[in-house]
Amino acid sequence: MHEDNNTNNLKNFKKYFMSRQNLLEVAAYENGTTETNSNLTKYGEWYGLNGVKWCAIFVSWVFHHAGYPLGQIDKPKGFHYCPSGYMHWKEKGCFTDDPQPGDIILYDFHKQSGQIADHTGIFVRWIKRGSSFEAWEGNTSKHGDTDGGHVMLQDRYINSVRAFVNPEVYGYNF
């Protein structure tokens with residue numbers, strides 16, 4: 001019996017890892033995508049809310065297309081407003097101090113604005129643990145803008161993070 005539990009745990013771990021890897025591959029495939037006009041994207045079209053800031057819509061799209069939809073947050077397809085995502089996952093107890101590849105990042109770049117989160121992305125890996133990391137982001141630019149119109153891999157620093165989120169959509173607990 002003990003051996004069977006270990007075998008099942010290993011199978012679950014492989015599924016868990018592969019699902020997160022699949023999500024990152026979906027995000028990576030979108031690298032270089034740009035909006036066609038002022039915030040018009042295929043992500044907004046899919047979500048049903050085009051022409052608005054779309055970083056959260058991009059995150060929702062990636063999770064959905066990787067097979068792990070976020071579910072109802074702002075709308076049935078996920079979230080489009082970073083503060084809504086922050087409050088949703090705070091209430092559900094999904095914040096983590098140890099982000100894993102495929103976790104969601106909620107940023108607070110403009111701390112003086114009074115918002116609790118103003119941008120979002122998907123955690124890829126630590127560059128320097130506890131200091132800097134890589135993230136896939138939508139509606140950003142090479143200058144780090146939070147409304148930059150591109151999908152790209154960004155290097156970010158921990159001091160800009162409001163919360164790391166394990167959205168609990170992968171379905172494997174150990």
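Residues numbered from 1 in each chain as written. Predicted model: local features only at pLDDT ≥ 70, side-chain atom pairs only at ≥ 80, totals over all residues. Heavy atoms only, no water.

Draft legend 1. Structural view of the pattern of salt bridges. Applying the stated criterion across every chain, the model contains 6 salt bridges. Put simply, Asp-103 and Arg-20 hold a salt bridge, and the shortest N to O gap is 2.9 Å. In this pair, Asp-103 is assigned in the loop between β1 (95–96) and β2 (104–107) and Arg-20 in helix α1 (residues 2–29), connecting sequence segments 83 residues apart. Each member of the pair, Asp-103 together with Arg-20, is buried. Note that Arg-129 and Asp-98 form a salt bridge whose closest N and O atoms lie 3.5 Å from each other. Pair noted here: Arg-129 is in the loop between β3 (119–128) and β4 (132–140) and Asp-98 is in the loop between β1 and β2, with a separation of 31 residues, a long-range link. For Asp-98, a relative accessible area of 40% puts it in the partly exposed group. (Salt bridge = Lys/Arg side-chain N within 4 Å of Asp/Glu carboxyl O. Helix = DSSP H or I, 4+ residues; strand = E, 2+ residues; numbered from the N terminus. Buried < 20%, exposed > 50% of the residue type's maximum accessible area, 1.4 Å probe, protein only.)

Draft legend 2. Inspection of the nonpolar core at higher detail. The biggest cluster of nonpolar side chains holds 35 residues, and the ones touching the most others in it are Val-62, Phe-63, Leu-70, Phe-79, Trp-89, Leu-106 and Ile-122. Those elements giving two or more residues to this core turn out to be α1, α2 (42–47), α3 (55–65), α4 (82–91), β2, β3 and β6 (161–165). Those residues within four positions of Phe-79 in sequence are excluded, and the remaining contacts are Tyr-47, Ala-56, Ile-57, Val-59, Ser-60, Leu-70, Ile-73, Asp-74, Gly-85, Trp-89, Leu-106 and Thr-120. If you look at the next biggest cluster of nonpolar residues, it comprises 8 residues, including Ile-105, Tyr-107, Phe-123 and Ala-135. (Core = buried A, V, L, I, M, F, W, Y, C linked by side-chain atoms within 4.5 Å. Contact = heavy atoms within 4.5 Å.)

Draft legend 3. Seen up close, the pairing of β2. The alternating pattern of β2 places Ile-104 and Leu-106 and Ile-105 and Tyr-107 on opposite faces, both of which are buried. Both β2 and β3 contribute to a ladder of 4 bridges, which runs antiparallel. Residue pairing for β3: Leu-106 is matched across the bridge by Thr-120. (Pairing = 2+ DSSP bridges.)

Draft legend 4. Structural context of α3. With respect to burial, α3 is a largely interior element, 9 of its 11 residues being buried. Positive backbone phi, approximately 95°, marks Gly-67, located one or two places after α3.

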